[in-house]
Amino acid sequence: MNKTMILVVEDDRSIQNLMTTTLKAHDYRYLTAMNGETAILEASSHNPDIILLDLGLPDMDGIDIIRKIRTWSDVPIIIISARSEDTDKIEALDAGADDYLTKPFSVEELLARLRVTERRLAAMQGNQMTGSVYLNGGLRLDFLAGCAYLDEEELHLTPIEYRLLCLMAKNTGKVLTHTYITQKIWGHSWENDVASLRVFMATLRRKLDKNRDGVQYIQTHIGVGYRMVKVE
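Residues numbered from 1 in each chain as written. Predicted model: local features only at pLDDT ≥ 70, side-chain atom pairs only at ≥ 80, totals over all residues. Heavy atoms only, no water.

**Section: the layout of surface pockets**
Stage number 1. Its boundaries defined by the atoms lining it, the second largest pocket holds a volume of some 170 Å³.
Stage number 2. Lining of the second largest pocket is provided by 13 residues; of these, L93, D94, G96, K174 and Y180 occupy positions nearest its centre.
Stage number 3. Looking at the lining of the second largest pocket residue by residue, the classes come out as six nonpolar, four polar and three charged. (1 Å grid on protein atoms, 1.4 Å probe; cavity = no way out; pocket = protein on both sides within 12 Å on 5 of 7 lines; lining within 4 Å. Points joined across faces, edges and corners; volume = space filled by probe spheres on them. Nonpolar A, V, L, I, M, F, W, Y, C, P; charged D, E, K, R; others polar.)

Have a look at this one:
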């Protein structure tokens, strides 16, 4: 039975009922909150494994909730919101959200996002990253040696490509925004950094996807950023 605890923060009763019914049917435990104040209280007192957060709450904006929770917790936060503009997604992700699902959403997509997040949690607990070695499908990173392998063949990467790959690997399943990546790689985020990022990411993806029969390790979220996918 799935023991994952989900905090559902949603003020629309019908949507909240849909989500909790779905979670119960798939053996998730859950808590609910209908406003920001209750959400912060529940998050701090019950330490949920994942938070599903609506941005448009009656007492405070969801972005502020993310920032408050991030002062003490790295709990995965999946935004579920009617706000569909890229700027809203980017603001939420830069504030510390892990994923973004736009209303209306399907139950199947919600469950898929939860599975991705659970795999990332498992990776953080050491199931995917053992000591200095990262494993994902046919991809292997040896952090101590500074080498990357695909199907046991060494990948010939530039220093920036390798740093990008390591950053993506350590955040498997999480959407990383252009701003976050460029700040981590170059120490700042200027317009030409984002242009450079697209070039480096394109060459890195070609090396990763070569002869992989359609297997894709790095997923592009247009206008937002990139995500390292867990390959089964």
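The rest of the description comes next.
**Re the sheet that holds strand β12 (residues 218-221)**
Stage number 1. Read from one edge of the open sheet, three strands run β11-β13-β12, paired in antiparallel fashion. At either margin of the open sheet sits one strand with a lone partner, and together these are β11 (175-177) and β12. This sheet shows a mean twist of 30 degrees between the axes of neighbouring strands, independent of strand direction.
Stage number 2. Together, β11 and β13 (225-228) form the strand contacts of helix α7 (residues 178-186), whose direction differs from that of β11 by roughly 70 degrees. (Pairing = 2+ DSSP bridges. Helix = DSSP H or I, 4+ residues; strand = E, 2+ residues; numbered from the N terminus. Axes fitted to C-alpha atoms, helices over the stretch in contact; angles between N-to-C directions. Contact = heavy atoms within 4.5 Å.)

**Here's the deal with the sheet that holds strand β1 (residues 5-9)**
Stage number 1. Judged by pairing direction, the sheet is parallel, and its five strands sit side by side in the order β2-β1-β3-β4-β5 without closing on themselves. Both outer strands of the open sheet, β2 (29-33) and β5 (99-102), are each paired with one neighbouring strand and no more. Ignoring strand direction, the axes of neighbouring strands in this sheet form an average angle of 20 degrees.
Stage number 2. In this sheet, β5 lies alongside strand β4 (residues 77-81) in parallel orientation, the contact comprising four bridges. From the neighbouring strand, I80 faces β5, where its bridge partner is L101.
Stage number 3. Along the sheet, helix α3 (residues 62-69) makes contact with β3 (50-53) and β4, crossing β3 at roughly 160 degrees.
Stage number 4. Where helix α4 (residues 86-95) meets the sheet, it contacts β4 and β5, and its direction lies at approximately 150 degrees from that of β5.

**A word on α3**
Because each turn of an α-helix spans 3.6 residues, side chains separated by three or four positions end up pointing in the same direction.
Stage number 1. What α3 keeps buried is the set G62, I63, I65, I66 and I69. Along the long axis of α3, the arc covered by the buried residues comes to 160 degrees, so they all point the same way.
Stage number 2. As for α3, its buried residues are in contact with α2 (36-46), β3, β4 and α4.
Stage number 3. Backbone nitrogen of I63 and a side-chain oxygen of the N-cap are separated by 2.9 Å at the start of α3; the cap is D61. (Buried < 20%, exposed > 50% of the residue type's maximum accessible area, 1.4 Å probe, protein only. Arc of directions from axis to C-beta. Polar contact = N/O pair within 3.5 Å; in protein donor to acceptor, adjacent residues only side chain to side chain.)

**Examining the environment of E85**
Stage number 1. Its place among the elements puts E85 in the loop between β4 and α4.
Stage number 2. The class for E85 is exposed, based on a relative accessible area of 51%.
Stage number 3. Counting along the chain gives 134 residues from E85 to Q219, while the straight-line C-alpha distance between them is 19 Å.

**Here we look at the packing of aromatic side chains**
Stage number 1. A complete count under the given rule lists one aromatic pair for this structure.
Stage number 2. Taking 6.0 Å as the distance between ring centres and 45 degrees as the angle between the ring planes, the aromatic pair formed by W186 and F200 counts as tilted. Of the two residues, W186 is situated in helix α7 and F200 in helix α8 (residues 191-209); the sequence distance between them amounts to 14 residues.
Stage number 3. Assessed through its relative accessible area of 24%, F200 is described here as partly exposed.
Stage number 4. Here the basic side chain of R140 rests over the ring of Y149, its NZ or CZ set 4.3 Å away from the ring centre. (Phe/Tyr/Trp six-rings, centres within 6.5 Å; stacked < 30°, edge-to-face > 60°. Lys NZ or Arg CZ within 6 Å of the ring centre and 35° of its normal.)

**What to know about the pattern of salt bridges**
Proximity of charged atoms lets side chains of opposite charge pair with each other.
Stage number 1. The final tally for this structure, using the stated rule, is 10 salt bridges.
Stage number 2. Note that E10 and K103 form a salt bridge whose closest N and O atoms lie 2.8 Å from each other. Of this pair, E10 sits in the loop between β1 and α1 (13-25) while K103 sits in the loop between β5 and α5 (107-124), and the two are 93 residues apart along the sequence. Both residues of the pair, E10 and K103, count as buried.
Stage number 3. For R227, the salt bridge goes to D99, with nearest N and O atoms at 3.4 Å. Here the residue R227 occupies a position in strand β13, and D99 occupies one in strand β5, the gap between them amounting to 128 residues.
Stage number 4. R227 gets classed as buried once you look at its relative accessible area, which sits at 6%.
Stage number 5. Through salt bridges with shared partners, one network takes in D99, E109, R113 and R227. (Salt bridge = Lys/Arg side-chain N within 4 Å of Asp/Glu carboxyl O.)

**Digging into α2**
Stage number 1. Inspection of α2 places G36, A39, I40, E42 and A43 among the buried residues, and these make up the whole buried set. Projected down its long axis, α2 carries its buried residues within an arc of 165 degrees, all on one side. Exposed residues on α2 whose side chains face more than 90 degrees from its buried face are E37 and L41.
Stage number 2. At its buried positions, α2 is contacted by β1, β2, β3 and α3.
Stage number 3. A distance of 3.3 Å separates the backbone nitrogen of E37 from a side-chain oxygen at the start of α2, and that oxygen is part of N35.
Stage number 4. Positive phi appears at N47, one or two residues downstream of α2, with a value of about 50 degrees.

Read these as layout, nothing more, since geometry by itself doesn't imply function.
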